[in-house]
Each structure stands twice: as structure tokens, then as C-alpha cells.
Amino acid sequence: MSTPAKVPRAVRFALVQFNPLPPDHAPDAPHQNLIRAHEFVRKAAEKGANVVVFPEYFISGIVSDEKHWGLAQREHDPSHVQSQEETTSWLQSFCKLAVKHDIDIVAGTIVEKAAKQVDGKDVLSNVAHYITRKGEVVGRYKKANLWWPEKDYLTRGDEGHQVFDTEWGKTGLLVCKHLQGLSKIFQSLTTSHVLKTGWDAAWPEAFRSLILQKCEIVIIPTFWTSADGDEIGLAHNPQCEELYLDNLIVTRAFENEVSVATSAFCDRGKLRADFYNTFRCVVFVNAGGSSKDGFIGRSGVTLPFLGKVGGTKSNEEEMLIVDVDLNILDVCLLIGARASYP
């Protein structure tokens with residue numbers, strides 16, 4: 001008797017490699033970005049996408065200059081009655097759009113300010129949100145591993161890496177951001193400090209935290225540019241950051257199985273259960289734009305065994321449609337060999 005074929009766990013992702021106008025471009029640059037982002041949601045829904053994902057800083061642009069800190073939105077808090085300011089916020093506009101177009105939305109990141117000031121100053125955070133097609137914010141991640149220049153104006157998140165349920169599986173959010181290259185770090189920091197200066201995709205620990213919670217889909221909005229290789233890397237390879245990204249994201253889709261094993265009981269049955277679903281789907285969405293401005297793109301979806309199954313090597317703004325069958329995450333072909341690990 002043959003085994004019945006699995007019903008596909010089909011998900012169609014729309015990856016919007018968005019080119020945000022910087023806040024200095026025009027007084028209404030964020031509004032222009034918002035209008036264009038709304039249009040991309042409409043187009044994604046027309047193409048039958050289940051989930052549309054935007055990159056980091058996609059509405060405000062980078063707000064490192066104090067004069068742009070006023071763009072920060074009121075911190076999302078579903079536990080209290082929303083003010084008029086909050087109901088007209090960028091996040092709420094996407095909640096309404098998700099319902100209108102029947103689509104899940106990962107609203108890149110939005111810089112938020114806390115309700116209370118500290119020492120007379122606003123407390124700013126870089127926050128990613130997952131919105132369901134019912135308009136509900138079910139996932140939220142406040143960036144914890146800040147790139148070092150961000151520490152001058154952002155507060156790191158202390159809420160931990162959260163895994164939440166979606167129609168497509170257990171999902172987690174991470175955030176990446178580069179601003180300057182490695183040589184700048186070595187000029188101002190000791191090696192021990194470098195090791196502590198993180199951003200989520202570059203270190204396996206952030207992924208490991210999600211995998212230990214049986215996360216299946218990791219979504220990463222980012223703003224990653226070619227300048228991050230700086231003269232150290234660029235002198236050896238002008239495309240060093242593109243090469244780094246191409247290899248890094250594939251690695252994150254494959255690794256951590258052994259790390260999970262070391263935390264498991266020695267009982268074989270328990271070990272097998274802990275390995276189940278340690279593979280994951282990585283959805284990486286970078287900002288796009290002219291290579292003259294340092295944009296490198298490389299957005300895509302990566303799966304274990306298959307590598308990058310859809311995406312682009314282009315740096316330009318575009319929307320990519322990627323179809324995925326998540327049944328591949330259930331494959332544990334190597335479990336027999338790993339079951340012998342202590």
C-alpha cells in the first residue's frame with residue numbers, strides 16, 4: 001500500500017525590495033514612501049501572494065540625524081485604547097490594508113518611541129511587526145542586536161526573540177542593519193567589544209533562540225549596503241558584501257541541528273523529537289536602489305537542501321514573487337547519523 005502524498009504547505013511570498021526615499025529628500029518623503037508601499041501591497045495581493053514583506057526602515061529611511069527623530073511612531077500597545085495619533089499611524093494603515101487585500105504583511109521596521117521619556121529624551125526602538133490578513137499584529141520584534149552606530153540613537157530590545165503562530169507555521173522575526181564598515185569598528189573598539197557588537201543574521205545565536213522554540217519561518221527585513229565591507233573587504237573584493245550575504249543566508253537555513261542535539265536528552269526518541277523541524281525557511285528582504293548609492297539587494301527565500309529557491313541578485317527596487325512548499329521542513333534525512341551524537 002503506497003503512502004499518500006502530502007498536501008503541499010504552499011505559501012506565496014511577495015518580497016518588496018523597496019527603495020525608501022531618505023528623510024532629507026523632501027519634507028514629505030515618508031508619506032511618499034508610505035503611498036508607494038501601499039501600492040506594492042495591492043500589487044502583491046493581485047498576484048495572489050499570501051505574505052508580503054518589506055525591508056528595514058522602509059517608510060522613514062535611516063533616522064540617525066536627531067532632526068529626523070520626530071518621525072518615530074508611537075509605540076504599538078494593543079492593551080490600551082488607541083489615540084487618534086495611533087489610529088492614523090503607519091502601522092495601523094497596514095493593518096487596515098491587510099484586511100482590505102486579504103494578505104499578511106511584514107511591515108519592515110518602523111522606528112517607535114516609548115510612551116515615557118528617559119532623562120527628558122524620547123526612547124527610540126527599531127521594531128518589526130507581523131500583521132495577519134485579519135489586521136491583527138501577532139508578531140513583534142524590537143531589534144536587540146544593534147549595529148554600533150545605531151546605539152547612538154536607538155535602544156536595544158529586551159523582549160527576547162519571540163515565535164508566534166501564523167497560518168503558514170511558527171514564525172519569528174529578526175532584523176539586520178549595516179551602516180559602516182569593519183575598519184571603523186577596529187579604529188574605535190577593542191576586539192572584545194567587536195565580539196559583543198552584533199546584528200541578528202550575522203550571528204547564529206539569534207537563529208538558535210528561534211529554533212529552540214520550534215520556529216519554522218524566519219523573516220528578516222534589512223537595510224544592508226555595499227559600503228559595509230569598507231576598505232578592508234573592498235580592497236580584496238568589491239563584491240564582498242554580496243558574497244557574504246549570499247553565503248550567510250543559505251548557512252542560516254541549514255545550520256543549528258547539532259546545537260539542538262547538544263541540548264537534548266540522550267534518549268533516542270527524545271533526540272529525534274528535538275531534531276524535528278530544526279530546518280527552516282529563511283525569508284530575507286533587503287532595501288533596493290542604485291548601486292551608486294550602495295544598494296546591493298539580494299532579497300530571496302532560502303530552504304534547507306535546496307538553497308535559494310527564489311529571489312534576485314539585482315540591487316534595484318523590485319517586487320519578487322516566490323512560491324514555497326514548506327513540507328520540506330519536515331524532512332529529517334540525517335537524523336539517523338545525528339542520533340549517535342552525545
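Note that this is a predicted model, so its numbers are computed, not measured.

Can you lay out the packing of helix α1 (residues 29-46) against helix α3 (residues 90-101) for me, pointing to particular residues and giving the numbers?
Where α1 meets α3, the closest approach of the two axes is 10 Å, and the angle between their N-to-C directions is 20 degrees. One finds that α1 runs roughly parallel with respect to α3. Here α1 and α3 pass one another in a crossing that is right-handed. In this structure, α1 contributes Pro30, Leu34, Ala37, His38, Val41, Arg42 and Ala45 to the contact, and α3 contributes Trp90, Ser93, Phe94, Leu97 and His101. Class assignment of the residues belonging to the contact of α1 with α3 gives a composition of eight nonpolar, three polar and one charged.

Tell me about a nonpolar patch on the surface, residues and numbers included.
Together, Phe305, Leu306 and Val309 give the surface a local cluster of nonpolar side chains, amounting to about 260 Å² of exposed area. Note on placement: Leu306 falls in the loop between β12 (300-303) and β13 (307-311).

Can you explain the pairing of strand β6 (residues 137-142)? Please cite residues and give values.
The side chains of a regular strand alternate, first on one face of the sheet and then on the other. Where strand β5 (residues 124-131) meets β6, five bridges bridge the pair, whose relative direction is antiparallel. Bridge pairing links Tyr130 to Gly139 in β6.

Describe the confidence of the model for the protein, and please don't skip the residues or the numbers.
Counting all residues, the mean pLDDT for the protein is 77, and 71% of those residues have values of 70 or more. When pLDDT is averaged over each helix and strand of the protein, the minimum, 32, is found for helix α5 (residues 191-196) and the maximum, 98, for strand β2 (residues 51-53). Counted against residues more than four places away or in other chains, residues 83-87, with its pLDDT under 50, gives eleven contacts. Confidence over residues 178-198 falls short of pLDDT 50; this stretch has 45 contacts with residues more than four positions distant or in other chains.

Before we move on, can you summarise α1 with the specific residues and values?
Here α1 contains 18 residues, and its C-alpha end-to-end distance of 26 Å stays within 8% of the 26 Å for a straight helix at 1.5 Å per residue. Buried within α1 are the following residues: Ala29, Pro30, Asn33, Leu34, Ala37, Phe40, Val41 and Ala44. Relative to the axis of α1, the buried residues are bounded by an arc of 135 degrees and lie together on one face. Directly after α1, the chain includes Gly48, whose backbone phi takes a positive value near 80 degrees.

Calculation rules
Sequence positions are assigned chain by chain, starting from 1 and proceeding in written order. Reporting in this predicted model follows two pLDDT cut-offs: at least 70 for local features of residues, and 80 or more for side-chain atom pairs to be given and counted; totals over whole chains, interfaces and linings ignore these cut-offs and use all residues. Water and hydrogen atoms were dropped before computing side-chain values, which therefore reflect all heavy atoms in the structure. Inter-axis angles, ranging from 0 to 180 degrees, are taken between N-to-C directions of lines fitted to C-alpha atoms, where helices are fitted over the stretch in contact. In DSSP terms, a helix is any run of H or I states spanning at least four residues, a strand is any run of E spanning at least two, and both are numbered starting from the N terminus. Throughout, the term roughly parallel applies to angles under 35 degrees, roughly antiparallel to angles over 145, roughly perpendicular to angles from 65 to 115, and oblique to all others. Definitions for this section: a left-handed crossing has its near helix turned counterclockwise from the far helix by less than a right angle. A right-handed crossing has that turn clockwise. Contact criterion: two residues are considered in contact whenever any of their non-hydrogen atoms come within 4.5 Å of each other. Three classes are used: nonpolar for Ala, Val, Leu, Ile, Met, Phe, Trp, Tyr, Cys and Pro, charged for Asp, Glu, Lys and Arg, and polar for all others, with Gly counted as polar. Within this analysis, patches are made of residues with over 30% relative accessible area and no salt bridge. Like charges are joined at 9 Å or less; nonpolar side chains (Val, Leu, Ile, Met, Phe, Trp, Tyr) at 5 Å or less. Residue burial considers only the protein chains on display, and all accessible areas are found by Shrake-Rupley using a 1.4 Å probe. We count a salt bridge whenever a side-chain nitrogen from Lys or Arg sits within 4 Å of a carboxyl oxygen from Asp or Glu. The pairing criterion for strands is at least two bridges between them, as found by DSSP. For every residue, the predictor states its confidence as a pLDDT score lying anywhere from 0 to 100. Each helix should span, by expectation, one fewer than its residue count multiplied by 1.5 Å. Burial classes follow relative accessibility: with a 1.4 Å probe on protein chains only, a residue under 20% of its type's maximum area counts as buried, one over 50% as exposed, and anything between as partly exposed. This arc describes the spread of directions from the helix axis toward the C-beta atoms.

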